[in-house]
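Listed below are the residues making up each chain.
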Amino acid sequence: MKYESVIGIEVHAQLLTRTKLFCSCRVDWQAPPNTLTCPVCLGMPGTLPVLNKKAVELAIKTALALNCEIKNTSVFARKNYFYPDLPKGYQITQYEKPLARNGFLDVDGKRIRIRRVHLEEDAGKLIHLKDKTLIDYNRCGTPLVEIVTEPDITSPKMAHSYLSKLRSILRYCDICNGDMEKGALRCEPNISILVSWYPGISEKTKKLRNQETKKPKLGTKTEIKNLNSLKAVQKGLEY
């Protein structure tokens, strides 16, 4: 059999702002744990978030650098999930009406389409020890731009090339420092494996791909979460 990989990538890039997305708390990854928080980024009752103008400007700059269409109207939404590093119980993000859509980035002679670029806030940070987990809420509310591709990437090597070029653009435009080891740029690749050819395959089966394939059911999308190096993305997809 011959197989074909179908890959799309979500990237979360921390924006180079002085303060958080909805409050005036300073952004500083080196600060002592839980020293850069306030009622707004901790989600206390009665607080009112105020949008960071600089974060919007950097997100628009990101969209323009990726050839996107900037929307006249974008809307924030609550993404509800319960996890220790999310004190509000929801994340403020953009879903139905993101900041920008329909961009592209040319990599190795192939055009990779950008489905959407939108703003959202980061969660906190969990530190897992042998018998306990510690929580640092300093990162809560840090402004992020999320960049989502269409499933146009066809190999782990191309995924590495796309991320390398994207990180260079974000650095050159002073949007994100790209320091993956510090969590400033995190990647979540999605991959499906399709059967593209085997002896005796019919044209109809080629079109249907592997709908009937069993053990494993090829074509099932699998997401690899929160990778913080280009090498890890390539190796994870190869595996």
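A.B. asks: Can you explain the side chain of Thr-17? Please cite residues and give values.
C.D. replies: When you line up the elements, Thr-17 lands in the loop between strand 1 (2-14) and helix 1 (53-65). Given a relative accessible area of 9%, Thr-17 falls into the buried group. Among the polar contacts made by the side chain of Thr-17, one reaches the main-chain carbonyl oxygen of Thr-19 at a distance of 2.7 Å.

A.B. asks: So what's going on with helix 1? Residues and values would help.
C.D. replies: End to end, helix 1 covers 19 Å across 13 residues, agreeing with the expected 18 Å (1.5 Å per residue, within 8%). Looking only at helix 1, the buried set comprises Ala-55, Leu-58, Ala-59, Thr-62 and Ala-63. Buried positions in helix 1, seen along its axis, are confined to an arc of 145° and lie on one side of it. Turned more than 90 degrees off the buried face of helix 1, the exposed positions are Lys-53 and Leu-64. Tucked inside the fold, the buried residues of helix 1 contact strand 2 (69-70), strand 5 (100-107), strand 6 (110-121), strand 9 (143-149) and helix 2 (156-172). Its side-chain oxygen placed 2.9 Å from the backbone nitrogen of Lys-54, Asn-52 serves as the N-cap of helix 1.

A.B. asks: A description of the packing of helix 2 against helix 4 (residues 230-238) should follow, citing residues and the corresponding values.
C.D. replies: Each packed pair of helices is defined by two parameters, the angle between the axes and the distance between the axes. For the pair helix 2 and helix 4, the least separation of the axes is 8 Å and the interaxial angle reads 160°. Taken together, the axes of helix 2 and helix 4 lie roughly antiparallel to each other. As for the relative orientation of helix 2 and helix 4, their crossing is right-handed in sense. Residues Pro-156, Lys-157, Ala-159, His-160, Leu-163, Ser-164 and Arg-167 of helix 2 form the contact with helix 4, whose own contacting residues are Leu-230, Lys-231, Val-233, Gln-234, Leu-237 and Glu-238.

A.B. asks: Report on the packing of aromatic side chains, specifying residues and quantitative values.
C.D. replies: A full pass over the atoms with the stated rule returns one aromatic pair. Between Phe-22 and Phe-76 the ring centres are 5.5 Å apart and the planes differ by 75°, which places this aromatic pair in the edge-to-face class. Placement of Phe-22 in the loop between strand 1 and helix 1 and of Phe-76 in strand 3 (residues 76-80) is noted, with a sequence separation of 54 residues between them. Given the relative accessible area of 9%, Phe-22 is considered buried.

A.B. asks: Any chance you could break down the side chain of Lys-20 for me, citing the residues and the numbers?
C.D. replies: Counting through the fold element by element, Lys-20 comes out in the loop between strand 1 and helix 1. Buried charge without a salt bridge: Lys-20, with Asp-136 as the nearest opposite-charge side chain at an N-O distance of 7.9 Å. Polar side-chain contacts of Lys-20 include one of 2.7 Å to the backbone oxygen of Leu-36.

A.B. asks: Run through the nonpolar core, naming residues and quoting values.
C.D. replies: The tendency in soluble globular proteins is for nonpolar side chains to be buried side by side. Of all hydrophobic cores here, the largest spans 45 residues; its most connected members are Leu-66, Val-117, Ile-147 and Tyr-162. In terms of residue count, helix 2 provides more of this core than any other element does, seven residues in total. If we ignore the near neighbours within four places in the chain, the residues touching Leu-66 are Gly-103, Phe-104, Leu-105, Ile-114, Val-117, Ile-147, Leu-166 and Ile-169.

A.B. asks: Just give me the short version of the pattern of salt bridges, but keep the residues and values in it.
C.D. replies: Counted by the stated rule, this structure contains twelve salt bridges. With a closest N to O distance of 2.8 Å, Asp-28 and Arg-26 form a salt bridge. Classification of Asp-28 by relative accessible area gives partly exposed; the value is 26%. What makes Arg-26 partly exposed here is its relative accessible area of 43%.

Parameters at a glance
Along each chain, numbering runs from 1 in the same order as the chain's sequence is written. Since the coordinates come from a predicted model, pLDDT governs what is reported: local features require at least 70, and pairs of side-chain atoms require 80 or more to be given and counted, while whole-chain, interface and lining totals use all residues. Based on all heavy atoms of the structure, the side-chain values leave hydrogens and waters out of the count. Numbered from the N terminus, helices here are DSSP runs of H or I no shorter than four residues, and strands are runs of E no shorter than two. Think of it in three bands: residues with accessible area under 20% of the maximum for their type are buried, residues over 50% are exposed, and the middle band is partly exposed, with areas taken using a 1.4 Å probe on protein chains only. Any pair of N or O atoms that falls within 3.5 Å is considered a polar contact. Within protein, one atom must be able to donate a hydrogen and the other to accept it, and sequence-neighbouring residues count only if both atoms are side-chain atoms. In this analysis, the expected span of each helix is defined as 1.5 Å times one less than the number of residues it contains. Here, the arc refers to the directions that run from the helix axis to the C-beta atoms. Here, residues are in contact when the closest pair of their heavy atoms is within 4.5 Å. Interaxial angle, 0 to 180 degrees, is taken between N-to-C directions of lines fitted to C-alpha atoms, where a helix line uses only the stretch in contact. Note on angle classes: values under 35 degrees are labelled roughly parallel, values over 145 roughly antiparallel, values of 65 to 115 roughly perpendicular, and the remainder oblique. By the definition used in this description, the sense in which the near helix is turned from the far one sets the handedness, with an anticlockwise turn below a right angle giving left-handed and a clockwise turn giving right-handed. Two rings from Phe, Tyr or Trp (for Trp, the six-membered ring) form a pair when their centres sit within 6.5 Å of each other. Planes less than 30 degrees apart are called stacked, planes more than 60 degrees apart edge-to-face, and all others tilted. When charges are counted, Lys and Arg contribute as positive and Asp and Glu as negative, whereas His and the chain ends are disregarded. A pair is scored as a salt bridge if a Lys or Arg side-chain nitrogen falls within 4 Å of a carboxyl oxygen belonging to Asp or Glu. Residue types Ala, Val, Leu, Ile, Met, Phe, Trp, Tyr and Cys, when buried and joined through side-chain atoms within 4.5 Å, form a set referred to as a nonpolar core.

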